[in-house]
Amino acid sequence: EPEVTQTPSHQVTQMGQEVILRCVPISNHLYFYWYRQILGQKVEFLVSFYNNEISEKSEIFDDQFSVERPDGSNFTLKIRSTKLEDSAMYFCASIPRVKMNTEAFFGQGTRLTVV
Amino acid sequence: SQQGEEDPQALSIQEGENATMNCSYKTSINNLQWYRQNSGRGLVHLILIRSNEREKHSGRLRVTLDTSKKSSSLLITASRAADTASYFCAPYNAGNNRKLIWGLGTSLAVNP
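Residues numbered from 1 in each chain as written. Chains lettered and ligands numbered in written order. Predicted model: local features only at pLDDT ≥ 70, side-chain atom pairs only at ≥ 80, totals over all residues. Heavy atoms only, no water.

1. Considerations on the overall build of chain B
For clarity, the cut-off: We count a stretch as a helix when DSSP gives it H or I for four or more residues in a row; a strand needs E for two or more, and each element gets its number in order from the N terminus. Within these notes, the globule rule equals 2.2 Å times the number of residues to the 0.38 power, and the radius of gyration is based on C-alpha atoms. Two residues form a contact once any of their heavy atoms are found within 4.5 Å. Note on areas: Shrake-Rupley, 1.4 Å probe, and residue coverage restricted to the protein chains presented here. In this tally, Asp and Glu contribute negative charge and Lys and Arg positive charge; neither His nor the terminal groups of the chain are included. The atom standing in for a charge is NZ when the residue is Lys, CZ when it is Arg, CG when it is Asp and CD when it is Glu.
Along chain B, the regular secondary structure elements total zero helices and ten strands. Along chain B, from the amino end to the carboxyl end, the secondary structure elements read β-β-β-β-β-β-β-β-β-β. Here the C-alpha atoms of chain B give a radius of gyration of 13 Å, agreeing with the 13 Å that 2.2 N^0.38 yields for 112 residues. In terms of overall dimensions, chain B has a C-alpha envelope of 45 × 30 × 20 Å along the principal axes. Partitioning the intrachain contacts of chain B with sequence separation of at least 6 by distance along the chain shows that 57% fall at a separation of at least 24. Total accessible area on chain B is roughly 5,000 Å²; 44% of this is exposed by carbon and sulfur atoms. Within chain B, the 9 negative side-chain charges are centred at a point lying 8 Å from the centre of the 13 positive side-chain charges.

In structure tokens, the structure reads:
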């Protein structure tokens, strides 16, 4: 069964460093998302991406964040200068084309720890 | 807000018992989805119920939807210790950029 793949599963980085979280969505999907979950808190929407551009972003998704789909398969989330409060689980998700009543497919997540 | 609010926030039952979790939401929806998350792991889709459906079954799962009350329930029958996880409802409106807005979930503990 097709699945969304995220790498790495866990990343530890020093405050101020740049990190890139990688996702390979399911190949025929068109809508892509990043969500994050700080430990013990709600899953929060960060950004949605469609037709090679951001379709919506949340207040969390400030100038430190960017997304790219450089080669038609990978979907990356970059945090330019990490802060302690960026420590969280980051989930990538994708939704197939045009079908309205379909679930979102989530990756297993990348646990980012900023020290 | 499109966010689903789960109730109760925590539920502890014995293996073999049924677990019922409720969800309320505020906006119109195309469907409502239930997900499960094991501690520190990814979100796993359990079941999707469309806005024109009232009840749906999948294995030991039974989901109901009452759009007039903007509420849904998830019933897990004959629970097992492996059902221990957090459960989230996600009301979905395709007009909302197809994103999902999450509540705090129900933390279910099934004791052997």
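2. Some thoughts on the sheet that holds strand S8 (residues 75-79) of chain A
Strand pairing in a sheet relies on backbone hydrogen bonds, with the paired strands running either antiparallel or parallel. Residue and element names in this part refer to chain A. Applied cut-off: Pairing between strands is defined by DSSP: at least two bridges between them are needed. Inter-axis angles, ranging from 0 to 180 degrees, are taken between N-to-C directions of lines fitted to C-alpha atoms, where helices are fitted over the stretch in contact.
Spatially, the four strands line up as an open sheet ordered S1-S3-S8-S7, and their pairing is antiparallel. Looking at strand neighbours, the two that pair on one side only are strand S1 (5-7) and strand S7 (65-68), the edges of this open sheet. If you compare each strand with its neighbour and ignore which way they point, the axes differ by 20 degrees on average. By the bridge criterion, three bridges tie S1 to strand S3 (residues 19-24) in an arrangement that is antiparallel.

3. A closer look at the packing of aromatic side chains
Selection criterion: Geometry of aromatic contacts follows a simple scheme: Phe, Tyr and Trp rings, the Trp one being its six-membered ring, pair when their centres are within 6.5 Å, and the pair is stacked under 30 degrees between planes, edge-to-face over 60, tilted otherwise. Burial classes follow relative accessibility: with a 1.4 Å probe on protein chains only, a residue under 20% of its type's maximum area counts as buried, one over 50% as exposed, and anything between as partly exposed. In this analysis the charged atom, NZ for Lys or CZ for Arg, is taken to sit over a ring once it is within 6 Å of the ring centre and within 35 degrees of the ring normal.
In total, this model carries 13 aromatic pairs over all chains according to the counting rule given. Taking 5.7 Å as the distance between ring centres and 75 degrees as the angle between the ring planes, the aromatic pair formed by Phe-106 of chain A and Trp-102 of chain B counts as edge-to-face. Separated into two different chains, Phe-106 of chain A in strand S10 (residues 105-106) and Trp-102 of chain B in the loop between strand S9 (85-92) and strand S10 (106-111) make up a pair that spans both. Note on accessibility: Phe-106 of chain A and Trp-102 of chain B belong to one class, buried. Through pairs of rings, three or more aromatic residues link up here, namely Tyr-33, Tyr-35, Phe-45 and Phe-106 of chain A together with Tyr-35, Phe-88 and Trp-102 of chain B. The ring of Phe-45 of chain A carries Lys-99 of chain B above its face, with NZ or CZ at 5.3 Å from the centroid.

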